[in-house]
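Remarks on the overall topology
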Amino acid sequence: MNQNPAQATSADGVWHRCHLLPDADPANAIRDAALAVQDGRIAWLGPLAGLPADYAGLPRHDAGNAWITPGLVDCHTHLVYGGQRADEFAMRLAGAGYEEIARAGGGIVSTVRATRAADEDTLFALAAARLAPLLAEGVTAIEIKSGYGLDLATERKQLRVARRLGAAFGVTVHTTFLGAHALPPEYAGRADDYIALVCDTMLPALAGEGLVDAVDAFCESVGFSLAQTARVFEAAAGHGLRVKLHAEQLSNLGGSVLAARHRALSADHLEHLDEAGVAALAGSGTVAVLLPGAYYFLRDTNLPPLALLRRHGVPMAIATDHNPGTSPVTSLLLMMNMACTLFRMTVPEVLAGVTRHAARALGAADRHGLLAAGRGADFVLWQVDSPAELAYWFGRNPAAAVVRQGRVYGAAGARA
Ligand code: DI6
Ligand code: FE
């Protein structure tokens, strides 16, 4: 499926011979439906029999009896980086532990070195190759974090590449500054000094250059403390930026409670989340972003507390967490299957998890994750008999065509 906007065609017209999942909930399906697009925006949707006369004369797109959902939203990725960590993966399989790998130069720092060494065009080409399969699976909005630079110039380079990817491929990119991802070697033993650099130098510069849509941190025993995370959150607030948090991935430091206190958009990972944290997320409206790829790749056995999250009504999103160390995956559909198979989430939950809940995790529920008149034309045509197939198949992409920002990518939907 070619992803070059210059070769994509206009989605304007009436899409017919289709079934709609406007909010991605099968309970709200509209069968034998139609969807009208004008000037790249959804003008009308509903039963074909009810198509208003105003649209009857528009060119028709034959959707071939496809199911149409909102465009998918991958709300947690570290897509821009240099190098890869396959040798570290091989060392782990041969029995090496975290320390031995770190001594051999592995871990986040090895990706930091490769990212610092790569120029912007190289990082763009590497990330574009990872983005292509996500776009082919119907991702129409994606979050891309920094966090492999850990110095101002390289954090800037990562965020500039993220913005360039959005422009080059006609996909909506939400950038997240993750300077507080790990301690760079030059600050060994001086974490507070590094956090001061993140808050007082990096963030003001990058926010001032319009490169930052949100701010994240890695609150963990091998990352940053609650106090250091709070410092980052206060700095973000000073720039009017919402926050997210890598929280309770390996242990419970209370990161989710802190995130809730700062009205975080999302708390992510959450394998070690407890009921106090769940209640806090529920109270602040923070989205729980679950990341089955990292859980699977690390062979984790500590499941996120699904029953508690359901009981407290915390919205749950699913994302790839694409990164070279713990989730080198380029399929959001596979994450839906893993969220069902490993986390026992239901089909409606994972469909919401990659659409409206994922959009909410980006503070963009008003723009993504729902088919509604007036919204941008971001939707996917799935050649399936049942929406459940989107989580059922793994290793197969049933997307027949993708409409991103009003442009059609893929064979289906040819103008009739
Ligand atoms: N949690 C993770 O699993 C990744 N970052 C984080 O905060 C690991 C990133 C890497 O290993 O490169
Ligand atoms: Fe992550």
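For the structure, see preceding data.
Report follows, based on the coordinates.

What counts, and where the lines are drawn
Residues numbered from 1 in each chain as written. Chains lettered and ligands numbered in written order. Predicted model: local features only at pLDDT ≥ 70, side-chain atom pairs only at ≥ 80, totals over all residues. Heavy atoms only, no water. Pairing = 2+ DSSP bridges. Helix = DSSP H or I, 4+ residues; strand = E, 2+ residues; numbered from the N terminus. Near = heavy atom within 4 Å. Polar contact = N/O pair within 3.5 Å; in protein donor to acceptor, adjacent residues only side chain to side chain. Areas by Shrake-Rupley, 256 points an atom, 1.4 Å probe, with all protein chains shown as cover. Donors = N, O, S within 2.8 Å, 3.2 Å for Na, K, Ca; no water. Tetrahedral: all angles 85-135°; square planar, octahedral: opposite > 155°, others 65-115°. Buried < 20%, exposed > 50% of the residue type's maximum accessible area, 1.4 Å probe, protein only. Contact = heavy atoms within 4.5 Å. Salt bridge = Lys/Arg side-chain N within 4 Å of Asp/Glu carboxyl O.

The mixed open sheet is built from eight strands, whose spatial order is β1-β16-β15-β14-β5-β2-β3-β4. Each edge of the sheet is formed by a strand with only one pairing partner; in this case those strands are β1 (9–10) and β4 (41–47). Strand direction decides the pairing type here: strand β5 (residues 60–70) and strand β14 (residues 379–382), joined by four bridges, are antiparallel. Its bridge partner being in β14, Pro 70 is matched across the sheet by Phe 379.

Moving on to the site of ligand 1. Near ligand 1, the surroundings consist of Arg 85, Ile 108, Tyr 148, His 181, Phe 218, His 246, Gln 249, His 269, Asn 323, Gly 325 and Thr 326. At a separation of 2.8 Å, an oxygen atom of ligand 1 approaches a polar side-chain atom of Arg 85. Separating an oxygen atom of ligand 1 from a side-chain N or O atom of Thr 326 is a distance of 2.8 Å. Contact with the protein chains removes 95% of the 320 Å² of surface that ligand 1 exposes when unbound.

Further remarks concern the coordination of the iron ion (ligand 2). Only His 76 (NE2), His 78 (NE2), His 246 (NE2) and Asp 321 (OD) from the protein reach the iron ion (ligand 2) as donors, at distances of 2.1 to 2.3 Å. Relative to the metal, the four donor atoms surrounding the iron ion (ligand 2) lie at angles of 81 to 167 degrees, and the coordination shape comes out irregular. Summarised as a motif, the one-chain spacing of the donors to the iron ion (ligand 2) is H-x1-H-x167-H-x74-D. With His 76 in the loop between β6 (72–74) and α2 (86–93) and His 246 in strand β10 (residues 242–247), this pair connects stretches of sequence that are 170 residues apart. Classification of His 76 as buried rests on a relative accessible area of 0%. Taking relative accessible area as the criterion, His 246 reaches 3% and is therefore assigned buried.

Another aspect to go through is the side chain of Thr 111. In this fold, Thr 111 is placed in helix α4 (residues 108–117). Ignoring any residue separated from it by four or fewer positions in sequence, one finds Thr 111 in contact with Tyr 81, Gly 82, Arg 85, Tyr 148 and Pro 324.

Taken across its six residues, strand β15 (residues 399–404) has six buried, putting it largely inside the fold. Bridge analysis of β14 against β15 gives four bridges, and the strand direction is antiparallel. Looking across to β15, one finds that Val 380 is bridged to Val 402. Bridge count for β15 against strand β16 (residues 407–409) is three bridges, and the pairing is antiparallel. Each bridged residue has a counterpart across the sheet, and for Arg 404 the counterpart in β16 is Arg 407. In this antiparallel pair of consecutive strands, β15 and β16, the connection spans two residues, and Gln 405 shows a positive phi of 50 degrees.

Another aspect to go through is the pattern of salt bridges. Under the criterion given, the structure shown has 17 salt bridges. Two residues, Glu 120 and Arg 164, come together in a salt bridge whose shortest N-O distance is 3.2 Å. Linking Glu 120 in helix α5 (residues 120–136) with Arg 164 in helix α6 (residues 152–169), this pair joins segments that are 44 residues apart in sequence. Residues Asp 213 and Arg 163 are paired through a salt bridge, measuring 3.0 Å at the closest nitrogen-oxygen approach. Of this pair, Asp 213 sits in the loop between α7 (191–208) and β9 (214–217) while Arg 163 sits in helix α6, and the two are 50 residues apart along the sequence. In this structure Asp 213 comes out as partly exposed when scored by relative accessible area, which is 34%. Through salt bridges with shared partners, one network takes in Glu 120, Asp 121, Arg 160 and Arg 164.

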